[in-house]
Amino acid sequence: MIQVDVFWSFAMGSSLATLAGEKLRREDSVFVNWYFVYTVCYLAMIFSPSGVYLLWQHTGWETMFFYGRDDLHGLFPCLFALTNVLFGVVGFYLSARLVRRGSEPTAHALWTTSYTCMFAILTFGYDRFIYAGTLEEWRKGVRYYVEDFFATEVFCTLLVMSVFVLPPLYYAMWRWPSGPHMDRETRSELLQRALTPYVRVTGLVISAYLVLLFGVRRLLPARYHVLPEHWHVDRLFAFLLGQALFGALIFVPLAFIPLRSARKTKSS
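Note that the structure is predicted; figures quoted are calculated from it, not measured. (Residues numbered from 1 in each chain as written. Predicted model: local features only at pLDDT ≥ 70, side-chain atom pairs only at ≥ 80, totals over all residues. Heavy atoms only, no water.)

1. Quick word on the confidence of the model for the chain
Reasoning step 1: Averaged over the chain, the pLDDT score is 94; the fraction of residues at 70 or greater is 97%.
Reasoning step 2: For residues 262-268, every residue scores under 50 in pLDDT, and the model assigns this stretch one contact once sequence neighbours within four places are set aside. (pLDDT = per-residue confidence, 0-100. Contact = heavy atoms within 4.5 Å.)

In structure tokens, the structure reads:
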């Protein structure tokens, strides 16, 4: 979806630079190295084309049912494809600079916060994210059950795309942090460094939503309300569920980072 792909692209670039860690720190340049080349190739050859395909084939869903294909200028797909790569490069660069300065906790906070922004848009807007109908039906107010989405062409397309999008990303997240220094304690520390800001930002989002829902909405006139009037506690439950499910997907590779072999440990 165009509303989240900016955050997703940034998060992927940032996470890969952060997880390259010590190996990236030994490189002479942030840009002239294997890790940056891999990231750019992944974004340009896999991630960006998948987004452009969804924008062309399922325009309504990809724009969260704000626009149809006839509503978009020809430059829009070009800019969309550009940002899907550009923001990943920006995320990689910023996190690489942090890692090279020894600020790994901040680098981890950068990519996990970007993922939280992505998940928040999807889950607080879940009625658009899992809408099973077309743009015309959305505009007419046609309703579908949640489970109807899982029988749509969009969902099947997402499943097929995940076969191409996830393995290269998972491989880098799983392989790049490994090395002679990686033991169980180090792996646990790395996972904790990534999880801690993720949990903290989740708490901030929950607190902010509760204030807007029960504070601002009840104490201030309607013209000052930030949240749409049809948003209630169900959006918060959707956010929590999304943070748990989507969060599990992004943290799984970190839990299985290869450890140094026992033979190498003994010989050293």
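Next comes the rest of the write-up.
2. Some remarks on helix 10 (residues 233-255)
Reasoning step 1: The end-to-end C-alpha distance of helix 10 is 32 Å, a good match for the 33 Å that 23 residues give at a rise of 1.5 Å each.
Reasoning step 2: Every buried residue belonging to helix 10 is among Arg235, Leu236, Ala238, Phe239, Gly242, Gln243, Gly247, Ile250, Phe251, Pro253 and Leu254, and all of these are buried.
Reasoning step 3: Buried residues belonging to helix 10 abut helix 1 (2-25), helix 5 (104-124), helix 6 (126-129), helix 8 (153-175) and helix 9 (184-219). (Helix = DSSP H or I, 4+ residues; strand = E, 2+ residues; numbered from the N terminus. Expected span 1.5 Å × (residues − 1). Buried < 20%, exposed > 50% of the residue type's maximum accessible area, 1.4 Å probe, protein only.)

3. Focus: the nonpolar core
A general tendency of soluble globular proteins is for nonpolar side chains to be buried together.
Reasoning step 1: Counting residues in each nonpolar core, the largest one holds 49 residues, and the members touching the most others are Trp61, Phe92, Trp111, Tyr115 and Leu254.
Reasoning step 2: Breaking this core down by element, the ones donating at least two residues are helix 1, helix 2 (34-57), helix 4 (75-100), helix 5, helix 8, helix 9 and helix 10.
Reasoning step 3: Of the residues forming this core, the biggest block, eight residues, is contributed by helix 1.
Reasoning step 4: Contacts of Trp111, omitting those with residues within four sequence positions, involve Ala11, Ser14, Ser15, Thr18, Met173, Ala194, Ile250, Phe251 and Leu254. (Core = buried A, V, L, I, M, F, W, Y, C linked by side-chain atoms within 4.5 Å.)

4. Some details on the pattern of salt bridges
Reasoning step 1: Tallied over the full model, the rule gives six salt bridges.
Reasoning step 2: Asp71 serves as the salt-bridge partner of Arg139, at 3.2 Å between the closest nitrogen and oxygen. Placement of Arg139 in helix 7 (residues 135-140) and of Asp71 in the loop between helix 3 (59-62) and helix 4 is noted, with a sequence separation of 68 residues between them.
Reasoning step 3: Judged by its relative accessible area of 44%, Asp71 falls in the partly exposed class.
Reasoning step 4: The salt bridge partner of Arg260 is Asp183, with a shortest N-O separation of 3.7 Å. Here the residue Arg260 occupies a position in the loop between helix 10 and helix 11 (262-267), and Asp183 occupies one in the loop between helix 8 and helix 9, the gap between them amounting to 77 residues. (Salt bridge = Lys/Arg side-chain N within 4 Å of Asp/Glu carboxyl O.)

5. Let's talk about the packing of aromatic side chains
One pair of aromatic rings is described through two measures. These are the centre distance and the angle between the planes.
Reasoning step 1: Enumeration over the complete set of coordinates arrives at 25 aromatic pairs.
Reasoning step 2: Centre to centre, the rings of Phe124 and Trp231 are 6.0 Å apart; their planes meet at 10°, and the pair counts as stacked. In this pair, Phe124 sits in helix 5 while Trp231 sits in the loop between helix 9 and helix 10, placing the two residues 107 residues apart along the sequence.
Reasoning step 3: The exposure class of Trp231 is buried, given its relative accessible area of 18%.
Reasoning step 4: When the ring of Phe150 is compared with that of Phe155, the centres are 5.1 Å apart and the planes differ by 85°; the resulting orientation is edge-to-face.
Reasoning step 5: Through a chain of ring-to-ring contacts, three or more aromatic side chains come together here, namely Trp111, Tyr115, Phe119, Tyr198, Phe246 and Phe251. (Phe/Tyr/Trp six-rings, centres within 6.5 Å; stacked < 30°, edge-to-face > 60°.)

6. Brief notes about helix 1
Reasoning step 1: Helix length check: helix 1, at 24 residues, gives a terminal C-alpha distance of 33 Å against a target of 34 Å (1.5 Å per residue), a fit within 8%.
Reasoning step 2: Along helix 1, the helix axis deviates most sharply at Leu19, where the bend reaches about 55°.
Reasoning step 3: In terms of residue burial, helix 1 counts as a mostly covered element, since 17 of its 24 residues are buried. (Bend = angle between axes of the 7 residues up to and from the residue.)

7. Let's talk about unusual backbone geometry
Reasoning step 1: A positive phi angle, close to 60°, is found at Met64, a residue other than glycine.
Reasoning step 2: Look at Met64 and you get buried, because its relative accessible area is 4%.
Reasoning step 3: With a phi angle near 65°, Phe65 is a residue other than glycine that sits in the positive phi range.
Reasoning step 4: When you line up the elements, Phe65 lands in the loop between helix 3 and helix 4.
Reasoning step 5: Overall, the relative accessible area of 4% leaves Phe65 in the buried class.

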